[in-house]
Structure formats: C-alpha cells, structure tokens
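# Chains, contacts and geometry: an overview
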Amino acid sequence: MRKMIVAGNWKMNKTPKQGIELLVKFFKHYDFERSMIDESARAFPEVILFPPFLNIADAASLCGGWDVKVGAQNCASFSDGPYTGEVSASMLRSVRCEAVLIGHSERRTHFGEAGKALSAKIDQVLANRMAAYVCVGESLKERNSKKHFAVVTGQLKEAIFHLKVEKLRNIVLAYEPVWAIGTGKTASPEQAQEMHAHIRNIISKKFGSKAGQKIRILYGGSCNPGNAFDIFSQPDVDGGLIGGASLNPRDFVNIIKIAAIVK
Ligand code: PGA
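Small disclaimer: the values here were computed from a predicted structure and weren't measured. (Residues numbered from 1 in each chain as written. Predicted model: local features only at pLDDT ≥ 70, side-chain atom pairs only at ≥ 80, totals over all residues. Heavy atoms only, no water.)

## A closer look at the site of the ligand
Put simply, the test is: Put simply, a residue is near a molecule or strand once any heavy atom of it comes within 4 Å of that molecule or strand. For the purposes of these results, a polar contact is taken to be a pair of N or O atoms within 3.5 Å, where, inside protein, one atom must be able to donate a hydrogen and its partner to accept one; residues adjacent in sequence count only when each atom of the pair is a side-chain atom. In this classification, Asp, Glu, Lys and Arg are treated as charged, Ala, Val, Leu, Ile, Met, Phe, Trp, Tyr, Cys and Pro as nonpolar, and every other residue, Gly included, as polar.
Neighbouring the ligand are the residues Asn9, Lys11, His104, Glu176, Ala180, Ile181, Gly182, Gly221, Ser222, Leu241, Gly243 and Gly244. Ser222 is positioned such that a nitrogen or oxygen atom in its backbone is 2.7 Å from an oxygen atom of the ligand. One nitrogen or oxygen atom from the main chain of Gly244 is found 2.8 Å from an oxygen atom belonging to the ligand. By residue class, the composition of the shell around the ligand is three nonpolar, seven polar and two charged.

This is the structure in structure tokens:
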C-alpha cells in the first residue's frame, strides 16, 4: 500500500509574516481534523508544504512539531559558487528543508527549464538527502494532437532515467496537465488515471515492477475539496499537488481529510 501525499504549492505568494499567519490558521484546522480521525491515523497522508524560499526556515521550525514537512519550489543545478541569485540544495537542507519541486510547468514555461538542468537539479536534491518532487505534464495543444503520452514519457526520461533504481526511494512524481493548472479545469478522474497508469508503466519498464508499484504519483491542476475524492480514489493516484487551494487553510485541510479516508 502506498501512503498518500498531500502537497501544498504556495507559488510566489505570502511574505514571511503572512506565511506564518497562514500556517497558524492551517494548523488550527489540521489539528482538529487529525484528532477527529485518530482511529485511522495510519491512513493519514503525508503532508508537505512548498512555501517561497523566505518562508522555509520558519515554516520548518513550526511544522516540525506536527509531522508536516517543508520543501522548496526550486533549487540550483550547481552545488555552490558564482551563480548569482541561486539557492543551492545544501543551503535548503541546512534549514531543514526536506524536498524540492523540480520541473514545475511554470518553471518550464517562464524560465525555460528543461533537459540536463532538471536532471542536474534532481542530482543535487538527492545528494543532499532530500526528496525530489518531479513534475510532468502536457499542454492542451499536445493533448489535442494526441501527443500527451509521448510528451510525459520524454519528460520522465530526461529527468530521472539516469538514476539508479535505489534512488527512486526519494522521488515523487506529479502529473500536472498544464491546461489544468490554475485554470479551474481539472483532468477528469479517467484522464488522470489513464496518465498515472501510463507513468507507472514507464517506471516499471525502466526500473522494474517493484519500483513501479512503489513510486508515488500525485495529481495536480485545479484540485479542490469538490473534486479531490473522485481523483484520489483512482487506483494509480497517490495524492495531490495543490496550488490555489493550499492557500485556503480550510480547503487544504479538507483535501487532506479526503486523502485520509479515500482508500
Ligand atoms: P493549482 O496549481 O492547484 O492552482 O491548479 C497546481 C500546481 O501548480 O502545482
């Protein structure tokens, strides 16, 4: 049985002060709901937040008391040195950051991230004992021209095919169709399942069926408390990467609650 994950991607929102206020509200709801489903505590999902860089150290101190992890939305593809404006994986690790989002479509679109730079970032993350949350997903044009499976396969190859199978322990995948991110259009549960099964199949073929069965694949793209149940109940969906709704503590906790009871 794969443990579900609910991840919150705050994107470029919240000052450090606003971030703490959001966390305080989140923990108020989270604590209450968690105590309500104590009996099934083992089914409670892993929860991880990806705030902006400036919030990570504070968030990690606050979240430590609650079994909630904190990750970063990006990191450098180099270990250290003259790379003005970059933040290295080891710097992140030093403030108790436990994971890094890699290859989010907004970084691919606005910052031209692709190919070797992404696989190098993943290497940095893994070398610093963090988990890499690797995002893949097709554009609407690619889906309409029926290239979506090939596009996602290509993104996976580029990002993680160079890894040894044991490294997959620290890889989480997120399928985020670009046309569903921040648009209010979600993939249907069937579309999500179909792509998640394809991704698992690719991983099984490359790394063996045990690795394929073990790897967790999150869905992301306009996920909210109204659609999370149907999506999370699909057999190959292991939770969600939540953008907009993670900024609303009540909605985010409701999504966590759904992940706790759905399977
Ligand atoms: P969204 O974002 O939930 O606001 O669509 C998801 C993401 O970009 O990770």
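## Some thoughts on a positive patch on the surface
Basically, it comes down to this: Patch criteria: residues need more than 30% relative accessible area and no salt bridge. Like-charged residues are merged within 9 Å; nonpolar side chains of Val, Leu, Ile, Met, Phe, Trp and Tyr are merged within 5 Å. Note on areas: Shrake-Rupley with a 1.4 Å probe; residue coverage comes only from the protein chains shown. By definition here, a salt bridge exists when the distance from a side-chain nitrogen of Lys or Arg to a carboxyl oxygen of Asp or Glu is within 4 Å. Charge counting treats Lys and Arg as positive and Asp and Glu as negative, with His and both chain ends excluded. Taken as the charge centre is NZ of Lys, CZ of Arg, CG of Asp or CD of Glu, depending on the residue. Only DSSP runs of H or I reaching four residues or more are called helices, and only runs of E reaching two or more are called strands; each is numbered from the N terminus.
Side chains of Lys164, Lys167, Arg169, Lys210 and Lys214 sit close together on the surface and give a patch of like positive charge. By the secondary structure assignment, Arg169 is in the loop between helix 7 (148-160) and strand 6 (171-175).

## Regarding the nonpolar core
Generally speaking, nonpolar side chains in soluble globular proteins are found buried as a group. The following threshold applies: In this description, a nonpolar core means a group of buried Ala, Val, Leu, Ile, Met, Phe, Trp, Tyr and Cys residues linked to one another through side-chain atoms lying within 4.5 Å. Each residue's exposure class comes from its accessible area (1.4 Å probe, protein chains only) as a fraction of the maximum for that residue type: buried when under 20%, exposed when over 50%, partly exposed otherwise. Here, residues are in contact when the closest pair of their heavy atoms is within 4.5 Å.
In this structure, Phe26, Ile122, Ile160, Ile171, Leu173, Ile199 and Phe232 are the most contacted members of the largest nonpolar core, which totals 70 residues. Element by element, the count of residues in this core is highest for helix 11 (residues 249-261), at seven residues. Apart from residues lying up to four places away in sequence, Phe26 is in contact with Val47, Leu49, Val68, Pro249, Phe252, Val253 and Ile256. Judged by nonpolar contacts, the second largest core, of 13 residues, contains Ala7, Phe50, Val172 and Ala174.

## Re the sheet that holds strand 5 (residues 131-136)
Where we set the bar: Paired strands, as defined in this entry, are two strands with at least two bridges between them according to DSSP. Angles shown run from 0 to 180 degrees and are taken between the N-to-C directions of axes, each axis being a line fitted to C-alpha atoms and, for helices, limited to the stretch in contact.
In space, the eight strands of this closed barrel follow the order 1-2-3-4-5-6-7-8, with parallel pairing throughout. When the angles between neighbouring strand axes are averaged without regard to direction, this sheet yields 25°. Here strand 2 (residues 46-50) runs beside strand 3 (residues 68-72); their pairing, made up of three bridges, is parallel. What sits directly across from Val47, in strand 3, is Val68. Strand contacts of helix 7: strand 5 and strand 6, with the helix running at about 155° to strand 5, the strand carrying the most contacts.

## Examining the pattern of salt bridges
Within the structure shown, the criterion is met by eleven salt bridges. In this structure, Arg107 engages Glu113 in a salt bridge whose closest nitrogen and oxygen atoms are separated by 2.8 Å. One salt bridge connects Arg200 with Asp236, and the closest N-O pair in it is separated by 2.6 Å. Remark: Asp236 occurs in the loop between helix 10 (228-232) and strand 8 (239-242) and Arg200 occurs in helix 8 (residues 189-207); sequence separation between them is 36 residues. Pair check on accessibility: Arg200 and Asp236 agree, each one buried. Counted as one network, the salt bridges with shared partners bring together Arg2, Arg200, Asp236 and Asp238.

## Description of the environment of Ala174
As for its placement among the helices and strands, Ala174 is situated in strand 6. Judged by relative accessible area, Ala174 falls into the buried class, the value being 1%. As for Ala174 and Ile217, which are separated by 43 residues in sequence, their C-alpha atoms are 5.4 Å apart. With sequence-adjacent residues up to four places away left out, Ala174 is seen in contact with Val134, Cys135, Val136, Leu218 and Leu241.

## Some thoughts on the packing of helix 1 (residues 16-36) against helix 2 (residues 53-64)
Put simply, the rule reads: In these notes the angle categories are as follows: under 35 degrees is roughly parallel, over 145 is roughly antiparallel, 65 to 115 is roughly perpendicular, and the rest is oblique. Crossing handedness: left-handed means the near helix sits turned counterclockwise from the far one by under a right angle, and right-handed means the same turn made clockwise.
At their nearest, the axes of helix 1 and helix 2 sit 9 Å apart, and the two run at 30° to each other. The pairing of helix 1 with helix 2 is recorded here as roughly parallel in orientation. By crossing handedness, the relation of helix 1 to helix 2 is classed as right-handed. Taken together, the residues of helix 2 that come into contact with helix 1 (itself represented by Pro16, Gly19, Ile20, Leu23 and Phe27) are Leu54, Asn55, Asp58, Ala59, Leu62 and Cys63. Partitioned by chemical class, the residues of the contact of helix 1 with helix 2 number eight nonpolar, two polar and one charged.

## Focus on the pairing of strand 8
Here strand 8 shows no split at all, with Gly239 and Leu241 on one side and Gly240 and Ile242 on the other all buried. Where strand 1 (residues 5-9) and strand 8 come together, four bridges link them in parallel fashion. Among the inter-strand pairings, Val6 is bridged to a residue of strand 8, identified as Gly240.

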